[in-house]
Amino acid sequence: MKKILILTVTAGNGHNACANAMKNELLKSGNAEVKVVDLLKSYSTKLNVWVADKGYGLAVSKLPRTYDYFYNKYLRFPPEKRYFCPSQNTVISTLKGLLAEILNFKPDVIYCTHFYASIAITDLKLAYELPCKCVAAILDYVNSPFWESGIGVDYLAIPNEDFIEEFLSEGYERRQLLPIGLPVDGRTLEPADKKEARKKLGLDTETFTVLVMFGGGFWSGCFEIFKELLKALKGKTAQIIVINGKDKKGFKKIERLKRRIAKLAPECGIKILNVGFTNEVHLYVSAVDLAICKCGGTGATEIINKGVPMLVTESVPAQEKHNLTYLKRKGVALSFKDTCELRKHIERITENPQILSEMSKNTLSLKRNAILDLAEFILSQPQADYNDFRPKCGGKINKRAFKRLLRYAEQAELSEI
């Protein structure tokens, strides 16, 4: 029985969703004991927990230009300064608790869904010869800031071969890199049968169907986009699915507009399915021809896995802008700056169905069986032997000692350059 410790961080829901998806995949083998731990909530301060989740959300929604400035600045952070990146103060606060967890649980493999966890593992390895293998996964189509500081993991799953050179330039070795894709919910890998999915949802099996999916966390854009979509589809037969996530106000507004349309224009030809929060996103994505959405790495990958083209707003945080740039280059997404441009795209797509057909074919180049392959890889790792688990350098876990270790590590690395 393999023991796997999964380390996640609540910064939005993507990292936690991928952690739980991996847990479910590993448990299917019947040969795994899995424990999921939120690194900051379990071992750090309430302030650090707030900054990672609520602080991030407020920054991207209220101060987007400031957030983008610092994101892009740290994207250029020198790899040789990896041991003193700005995230180290946060990470050092978790090391004592994380080490106690490792000693207590004795995992054979540690799997990390956030760079904080990878940095924590890298720091611990300066003081301890960890007997377990450590695997991490990138969850965006960009080499996000501070992954260079998590270089101590044994393996890093990256989106595909396009990203190998980037990570080599950050100091990773080729043997560490696994170009297998973003490990998202395995249900999205099931072949998309549009007709069957539409039957389950009570929709017509032959009608052009669009998914509008926003409203997660601090971003609430469903209602305005929904109204513009109605204008673009005026006089046409279509079906619209709206997934509002946590945007309860948006859900209520759409419900009111939906009732008004049913009353004043019952023959308008547009069927509306208004959904709040759901754990069945894979089913709704299977039913559509086009998704209008943000561009988070995990959400975009779930849509790509179903072969669905995307129409993406440009009003997104920096990492999603980088995701969008990459996906546009690969021909699986279009973007819009405002509702006027959105309407033009919809009108062009409905008049030229071959556009979506070509984009859907392009998704095949990006689709990977990532979570299945990575779960199999994790389970194939050797069993860890903790009998000779000893510290390298005294191994005392306190901030002062670890800052000293980081300083020595940085000096040693700089001397090799």
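Residues numbered from 1 in each chain as written. Predicted model: local features only at pLDDT ≥ 70, side-chain atom pairs only at ≥ 80, totals over all residues. Heavy atoms only, no water.

1. So, the overall build of the chain
No. 1: Counting its regular elements, the chain contains 18 helices and 12 strands.
No. 2: The C-alpha radius of gyration computed for the chain amounts to 23 Å, which stays within 12% of the reference 22 Å derived for 417 residues, consistent with globular compactness.
No. 3: Summarising its shape, the C-alpha atoms of the chain cover approximately 75 × 45 × 35 Å along the three principal directions.
No. 4: Here the chain, with 417 residues, has 55% of them falling under the buried criterion.
No. 5: Here the chain displays about 19,200 Å² of accessible surface, and carbon together with sulfur accounts for 51% of that area.
No. 6: For the chain, the distance from the average position of its 62 positive side-chain charges to the average position of its 47 negative side-chain charges is 7 Å. (Helix = DSSP H or I, 4+ residues; strand = E, 2+ residues; numbered from the N terminus. Rg over C-alpha atoms; globule rule 2.2 N^0.38 Å. Buried < 20%, exposed > 50% of the residue type's maximum accessible area, 1.4 Å probe, protein only. Areas by Shrake-Rupley, 256 points an atom, 1.4 Å probe, with all protein chains shown as cover. Lys, Arg positive; Asp, Glu negative; His and termini not counted. Charge placed at Lys NZ, Arg CZ, Asp CG, Glu CD.)

2. Some points on the environment of Asp338
No. 1: Position of Asp338 relative to the elements: it lies in the loop between strand 12 (333-336) and helix 15 (339-351).
No. 2: Residues Asp338 and Ser315, 23 residues apart in the sequence, show an inter-C-alpha distance of 8.7 Å.
No. 3: There is a polar contact of 2.8 Å between the side chain of Asp338 and the backbone nitrogen of Glu341. (Polar contact = N/O pair within 3.5 Å; in protein donor to acceptor, adjacent residues only side chain to side chain.)

3. Section: the packing of aromatic side chains
No. 1: Counted by the stated rule, this structure contains 15 aromatic pairs.
No. 2: Ring geometry for Tyr69 against Phe70: centres 5.1 Å apart, planes inclined by 80°, an arrangement best described as edge-to-face.
No. 3: Relative accessible area serves as the criterion here: at 52%, Tyr69 is assigned to the exposed category.
No. 4: Overall, the relative accessible area of 37% leaves Phe70 in the partly exposed class.
No. 5: A connected cluster of aromatic rings, assembled from ring pairs, spans Tyr69, Phe70, Tyr74, Phe77, Phe115, Tyr116 and Phe146.
No. 6: When the ring centre of Phe105 is taken as reference, the NZ or CZ atom of Lys3 above it lies at 4.7 Å. (Phe/Tyr/Trp six-rings, centres within 6.5 Å; stacked < 30°, edge-to-face > 60°. Lys NZ or Arg CZ within 6 Å of the ring centre and 35° of its normal.)

4. Some details on the sheet that holds strand 9 (residues 270-275)
No. 1: Spatially, 9-8-7-10-11-12 is the arrangement adopted by the 6 strands of the open sheet, whose pairing is parallel. The open sheet has two edge strands, strand 9 and strand 12, and neither has a second partner. Taking each pair of neighbouring strands and ignoring which way they run, the sheet shows an average axis angle of 20°.
No. 2: One ladder, built from 4 bridges, connects strand 7 (residues 209-213) with strand 10 (residues 290-293); its direction is parallel. By the bridge assignment for strand 10, Val210 is matched with Leu290.
No. 3: This element, helix 15, spans strand 10, strand 11 (310-313) and strand 12 of the sheet and lies at about 145° to strand 12. (Pairing = 2+ DSSP bridges. Axes fitted to C-alpha atoms, helices over the stretch in contact; angles between N-to-C directions. Contact = heavy atoms within 4.5 Å.)

5. A word on the sheet that holds strand 1 (residues 2-8)
No. 1: With respect to topology, 6 strands assemble into an open sheet ordered 2-1-3-4-5-6, the strand pairing being parallel. Every interior strand has two partners, whereas the edge strands, strand 2 (32-38) and strand 6 (177-178), have only one.
No. 2: Contacts between helix 6 (residues 95-105) and the sheet are confined to strand 1, strand 2 and strand 3 (109-112), with strand 1 contributing the most and set at about 165° to the helix.

6. Focus: the pairing of strand 7
No. 1: Counted residue by residue, strand 7 has 5 buried out of 5 residues, so it is predominantly covered.
No. 2: Because side chains alternate across strand 7, one face comprises the buried residues Thr209, Leu211 and Met213, and the other comprises Val210 and Val212, equally buried.
No. 3: As judged from the 5 bridges shared by strand 7 and strand 8 (residues 238-243), these two strands associate in the parallel manner. Bridged to Val212 within strand 8 is Val242.

7. Let's talk about the nonpolar core
No. 1: With 87 residues, the main nonpolar core has Ile241, Met310 and Leu327 as its most contacted residues.
No. 2: Here the element with the most residues in this core is helix 7 (residues 115-127); it accounts for 9 residues.
No. 3: Excluding its chain neighbours within four sequence positions, the residues that come into contact with Met310 are Leu290, Ala291, Cys293, Ala300, Ile303, Ile304, Leu327, Val332, Ala333, Leu334 and Met359.
No. 4: Phe223, Phe226, Leu229 and Phe336 belong to the second-largest nonpolar core, a separate cluster that totals 30 residues. (Core = buried A, V, L, I, M, F, W, Y, C linked by side-chain atoms within 4.5 Å.)

8. Focus on the pattern of salt bridges
No. 1: For the structure shown, the criterion picks out 16 salt bridges.
No. 2: The partner of Arg198 in a salt bridge is Asp289, and the shortest N-O contact between them spans 2.8 Å. Of the two residues, Arg198 sits in helix 9 (residues 194-200) while Asp289 sits in the loop between helix 12 (281-286) and strand 10, which places them 91 residues apart along the sequence.
No. 3: What makes Asp289 buried here is its relative accessible area of 16%.
No. 4: Salt bridges sharing common partners tie together Asp185, Arg187 and Glu280. (Salt bridge = Lys/Arg side-chain N within 4 Å of Asp/Glu carboxyl O.)

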